[in-house]
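Take a look at the letters that make up each chain.
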Amino acid sequence: MSPARIVISESMDTPAVERLRARFDVDYRPALVDDAAALANAVADVDAWIVRNRTQVSGATLAAARRLRVVGRLGVGLDNIDVEACEARAITVIPATGANAESVAEYVIATAMMMLRGAAYRSTAAVAAGRWPRQMLAQGRELSGKVLGLVGFGGIGQITARKANALGMRVIACDNAVDPSAALWRENGTKPVSLDALLAESDVVSLHVPLTPQTRGLLNAGRLELMKRGAMLVNTARGGIVDELALAKALHEGRLGGAAIDVFDDEPLKAGNSLVDVPNLILTPHIAGVTQEANERVSALVADRVAAALAR
């Protein structure tokens, strides 16, 4: 019997690809994500399809995958996958749950530190040129003693809480899916609170919820108004959870002290978007969970789980 066929339409760690090739017929072409016609042709007769976040496993392309049994997602978000359509066809969807959690948590802590210290990390050119802007840059704030508010308290939120506690922060979180009496709150040194209380009390707010109809626009203009003046916002969750226009307005007006945004409602951002030339804003291209170590873990985890699913 011929081996099962796998198509991989975005980049994957080489050792994981080679491990799959040792057992299966693998078509590894990361450029497929940018060629809809070639992608539809490539998935027509495959048993498994491995993607990152750009490939849309939906619509006509998913319908073209007539033999598909397994979808591996090199990440955790599933908004680029039509999960209901996959379930209707008994297609197993396998995300890399937890494999990039450490990287995302470190991004949250690192960007919080950078924003609290303000311009201190952007003084290299001035100092190298012989200027000495010490007084101007002496207004940064310490992370220790600040309140970190986590919106969502799943795996990534809990790891972030532990790192923040170790650095002297006080951590609060809101998550309606977690019982307020659950032991994990105490185990992670975190106090459960309501969303409104979290926004009012936190010096840094970090988002860790999926994008759903209930969370779309969760941080709208009204909720951004509830945040403490000078507070910082970090979004590594999903674009669409934060109203980008309202965020830009809050930063322009100086009501928020800063924001680090890694995910956007429309990726990549279009020219002339609302986040152009906004002060005290760090923008990164959906890379909070992308490190060398995380890529290795994500790729290995998905490769092993896809192989196990095909063996059933």
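See the structure printed just above.
Residues numbered from 1 in each chain as written. Predicted model: local features only at pLDDT ≥ 70, side-chain atom pairs only at ≥ 80, totals over all residues. Heavy atoms only, no water.

(A) Broad picture of unusual backbone geometry. For the bond from Glu 267 to Pro 268, the omega torsion is -5 degrees, close enough to zero to count as cis. Residue Ala 90 is not a glycine yet carries a positive backbone phi of 60 degrees. Summarising the element assignment, Ala 90 is placed in the loop between α4 (83-88) and β5 (92-95). Within the chain, Asn 280 stands out as a residue other than glycine whose phi angle is a positive 55 degrees. Residue classification places Asn 280 among the partly exposed residues on the basis of a relative accessible area of 45%. (Helix = DSSP H or I, 4+ residues; strand = E, 2+ residues; numbered from the N terminus. Buried < 20%, exposed > 50% of the residue type's maximum accessible area, 1.4 Å probe, protein only.)

(B) Broad picture of the environment of Ala 101. With respect to the element layout, Ala 101 can be found in helix α5 (residues 101-116). Given a relative accessible area of 4%, Ala 101 falls into the buried group. Between the alpha carbons of Ala 101 and Val 76 there is a distance of 9.5 Å; along the sequence they are 25 residues apart. Ala 101 has contacts with Ile 156 and Ile 159, leaving out every residue within four places of it along the chain. (Contact = heavy atoms within 4.5 Å.)

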